[in-house]
Amino acid sequence: MADNKQNQLTLVSKVGIIGAGISGIAAAKQLSNHSPVVFEATGSIGGVWKHCSYSCTKLQTPRCDYEFSDYPWPDRDNSTFPSHLQVLDYLYGYAKHFDVLKYIKFNSKVVQIRYVGLDHTGTTTTTFDQSEKQPVGEYGPLLEGHPVWEVAVQDTSNQSNDAVQWYAFEFLVVCIGKYGDIPRMPTHYYNLSINSSGGQVFTGKVLHSMEYSKLDKEAARSLLKGKKVAIIGYKKSAIDLAIECAEANQGANGQPCTMVIRTLHWTVPSYWIWGLPFFLFYSTRSSQFLHERPNQGLFRTLLCLLFSPLRGAISKFIELYLMWKLPLIKYGLKPDHPFEEDYASCQMAILPENFFEEADKGNIKFKKASKWWFWSGGIQFEDQTKLEADVVLLATGYDGKKKLQSILPEPFSSLVLDSTGVMPLYRGTIHPLIPSMAFVGYIESVSNLHTAELRCKWLSWLADEKFKLPTVEKMLDQVTKELEVMKRTTRFHKRHCISTFSINHSDEICQEMGFSPWRKTNWFLEAFSPYSSQDYYEKEE
């Protein structure tokens, strides 16, 4: 469909941005001097906060840890976690304050991207040694002076019209994120949900959390009320679904929901541990000094080995508090791995206040199982026990990488992931093998908004050629070092998470932009105070 250019190619801006979630609006603000065009497939900004949230979904960090450096929350000292609607209001306030909405084309879905960035010799800016398949030389400027990418856009507000409009850009910023659009289904789901006659084995309803999030409040309540519900998963979405189910089934006619858990992860009730603020353990320079980071010398490597028992003691200190505070042993929910591994892989979840209260009332139950399959009345497990269910909710995440690969052309669709399935992004933004394109929102930390904003600032400086990137080889080497640190820190390393060396990561970004990496007013605060987006505020020139 998109291959047929039914409409004339449109040249409206040097810069195109795909997606208007937190990363997209941050990119639009930082690149506003180029008057970017932002394509948003829906009718609203906000990304997951608009389209993948439930009525009970809340932010997992305090307001002051989830704000733009130049747009503080109006009530930033409020210790409660804001709801998803409050987060949306905040994002709209930011977009209106900085006049970002004028750049956004709503109901405009990018369905295809085509590479046209050949220079006068007929080759791409980034070249390769074909015998070794290794990149050679410099990455090249983000703004080439001529179109590099053509983008096919479909109007989603008119379902009867499948025509596309083509746009051309010198530089493309992809901000479609890892969540939404393409659900990740259990690997055995399709095989075990269909019987030999081609019919459904299970006679009840099966929904992915993505489908559930599209229901209005009344429809969601009707789906759950008085029903036996099985929830597959134990991360943030699954925990929120369990709360929704428990709240819909209060009273004598209520039915319990059961969380089916393959891998346990540590959950935290609040950001206080034994009366101490959580940031003291992982979010200050002094605490992160104990952890391995990329590019460290021999002396620091030896120090990390020396500090290994202390890191283990800190992790155990937190684990002991969680086992004292929460009934993890009672419900068989104590993970077998250290807390540090969940933190290092950005998989720590904050529990809703009433989660175990509902479990104690019998409204939430738990079943640990590595394998399950459908039977006509629900789910059966490898120990041959059965769970009756009217509704099965799959909180199994999203396939954001598949979403990305579906719109990228070859060979970039094949190059976007490395051999381990991770996107090798330099500074969490530039893929060394894909020219004139950036990716924002694919690297994780404790505060993804802060991470996205700082990298968008860095990106705007790079686009204006205020500094130059290292060679392709050096960028790939830097990303490899970061991923190797993760592999040595946690068994859950199939995601690019920088939480244990996030300050060092920001330091290197500041140094490339010519800023001082030391952002505090004195050495004591530098050592023991947490870093937030406010520390990276720079007055506009």
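About the criteria used
- Residues numbered from 1 in each chain as written.
- Predicted model: local features only at pLDDT ≥ 70, side-chain atom pairs only at ≥ 80, totals over all residues.
- Heavy atoms only, no water.
- Core = buried A, V, L, I, M, F, W, Y, C linked by side-chain atoms within 4.5 Å.
- Buried < 20%, exposed > 50% of the residue type's maximum accessible area, 1.4 Å probe, protein only.
- Helix = DSSP H or I, 4+ residues; strand = E, 2+ residues; numbered from the N terminus.
- Contact = heavy atoms within 4.5 Å.
- Pairing = 2+ DSSP bridges.
- Axes fitted to C-alpha atoms, helices over the stretch in contact; angles between N-to-C directions.
- Domains from an automatic or database assignment.
- Buried area = accessible area lost by both parts, 1.4 Å probe.
- Salt bridge = Lys/Arg side-chain N within 4 Å of Asp/Glu carboxyl O.
- Disulfide = S-S within 2.5 Å.
- 1 Å grid on protein atoms, 1.4 Å probe; cavity = no way out; pocket = protein on both sides within 12 Å on 5 of 7 lines; lining within 4 Å.
- Points joined across faces, edges and corners; volume = space filled by probe spheres on them.
- Nonpolar A, V, L, I, M, F, W, Y, C, P; charged D, E, K, R; others polar.
- Polar contact = N/O pair within 3.5 Å; in protein donor to acceptor, adjacent residues only side chain to side chain.
- Arc of directions from axis to C-beta.

### Section: the nonpolar core
- In terms of nonpolar packing, the biggest core is built from 60 residues, with Leu-91, Val-173, Ile-430 and Trp-458 touching the most fellow members.
- With nine residues, helix H15 (residues 448–463) is the single largest residue contributor to this core.
- Contact partners of Val-173, with chain neighbours within four places excluded, come to Val-15, Gly-16, Ile-17, Ile-18, Ala-27, Leu-31, Ala-438, Val-440 and Leu-459.
- Formed by 52 residues, the second largest nonpolar core is a distinct cluster that contains Trp-266, Ile-314, Phe-356 and Ile-364.

### A word on the sheet that holds strand E8 (residues 164–169)
- Strand order in the open sheet made by the three strands is E4-E7-E8, with antiparallel pairing throughout. The two strands at the open ends of the sheet, each matched to only one other strand, are strand E4 (108–115) and E8. Between one strand axis and the next, the sheet turns by 25° as a mean value, whatever way the strands run.
- Two elements, strand E7 (residues 149–155) and E8, share six bridges in a ladder whose sense is antiparallel. Paired with Val-151 across the strands is Tyr-167, a residue of E8.

### Considerations on the domain arrangement of the chain
- Looking at the assigned domains, one finds that the chain contains domain 1 (11–120 + 134–181 + 399–536) and domain 2 (187–269 + 326–394).
- Taking the mean C-alpha position of each, domain 1 and domain 2 sit 31 Å from one another.
- With both chains or domains summed, domain 1 and domain 2 bury close to 2000 Å², and 57% of this area falls on carbon and sulfur atoms.
- Considering only the side of domain 1, the residues that lose the most area to domain 2 are Tyr-54, Gln-60 and Phe-492, jointly responsible for 35% of the buried surface there.
- The tally of links from domain 1 across to domain 2 stands at one salt bridge.
- Among the salt bridges present, the one from Arg-491 reaches Glu-341, with a minimum N-O distance of 2.8 Å.

### Here's the deal with the state of the cysteines
- Taken as a whole and assessed by the stated rule, the structure comprises one disulfide.
- One disulfide in the model links Cys-346 with Cys-497; its S-S distance is 2.0 Å. Looking down the S-S bond of the Cys-346 and Cys-497 bridge, the torsion is 75°, so its handedness is right-handed. Of the two residues, Cys-346 is situated in the loop between helix H11 (339–344) and strand E16 (349–350) and Cys-497 in the loop between helix H16 (472–489) and helix H17 (502–513); the sequence distance between them amounts to 151 residues. Each of the two residues, Cys-346 as well as Cys-497, counts as buried.
- No disulfide involves Cys-245; its sulfur sits 3.9 Å from the nearest other cysteine sulfur, which is in Cys-257.
- The class of Cys-245 is buried, set by a relative accessible area of 0%.

### Some words on the sheet that holds strand E21 (residues 391–394)
- Read from one edge of the open sheet, five strands run E10-E21-E11-E12-E17, paired in parallel fashion. For this open sheet the edge positions go to strand E10 (205–208) and strand E17 (364–368), each flanked by a neighbour on one side alone. Looking at each pair of strands side by side, their axes are set apart by 20° on average, direction ignored.
- Two strands pair when backbone bridges link them, and strand E11 (residues 229–232) and E21 are joined in this way by four bridges, in the parallel orientation. Counted as the bridge partner of Ile-231 is Leu-393 from E21.
- In the packing of helix H6 (residues 217–224) onto the sheet, contacts are made with E10, E11 and E21, and the angle to E21 comes to roughly 125°.

### Brief notes about the environment of Ser-237
- In this fold, Ser-237 is placed in helix H7 (residues 236–248).
- Judged by relative accessible area, Ser-237 falls into the partly exposed class, the value being 28%.
- Sequence separation of Ser-237 and Lys-109 is 128 residues, and the distance between their C-alpha atoms is 25 Å.
- Leaving out residues up to four positions away in the same chain, Ser-237 has contacts with Tyr-54 and Ala-395.

### A short note on unusual backbone geometry
- With omega at 5°, the peptide bond leading from Glu-410 into Pro-411 counts as cis.
- Within the secondary structure, Pro-411 sits in the loop between helix H13 (400–407) and helix H14 (412–415).
- A positive phi angle, near 65°, is found at Asn-295, a position not held by glycine.
- With respect to the secondary-structure elements, Asn-295 resides in the loop between helix H9 (285–288) and helix H10 (298–325).
- Look at Gln-384: it is not a glycine, yet its phi comes out positive at around 70°.
- Here Gln-384 is to be found in the loop between strand E19 (378–381) and strand E20 (386–388).

### What to know about empty space enclosed by the protein
- Within this structure, the stated rule accounts for one cavity of 30 Å³ or more.
- Along its surface, the largest cavity is lined by Thr-420, Val-422, Leu-483, Lys-487, His-493 and Lys-494.
- Class assignment for the residues of the lining of the largest cavity results in two nonpolar, two polar and two charged.

### So, the environment of Asp-535
- Among the structural elements, Asp-535 can be located in the segment after helix H18 (523–528).
- Every residue in contact with Asp-535, bar those within four places of it in the chain, is listed here: Arg-519, Lys-520 and Pro-530.
- Of note is the side chain of Asp-535, whose polar atom sits 3.0 Å from the side chain of Lys-520.
- Here Ser-532 takes part through its backbone nitrogen, which lies 2.9 Å from a polar atom of the side chain of Asp-535.

### Some points on H6
- All of the buried residues along H6 are Ala-220, Leu-223 and Leu-224. For H6, the arc enclosing every buried residue in end-on projection is 90°, short of the 170-degree limit, so these residues lie on one face.
- Against E10, helix H5 (209–213), E11, H7 and E21 lie the buried residues of H6.
- The residue sitting at the N-terminus of H6 and contributing the capping side-chain oxygen is Asp-216; that oxygen lies 3.2 Å from the backbone nitrogen of Glu-218.

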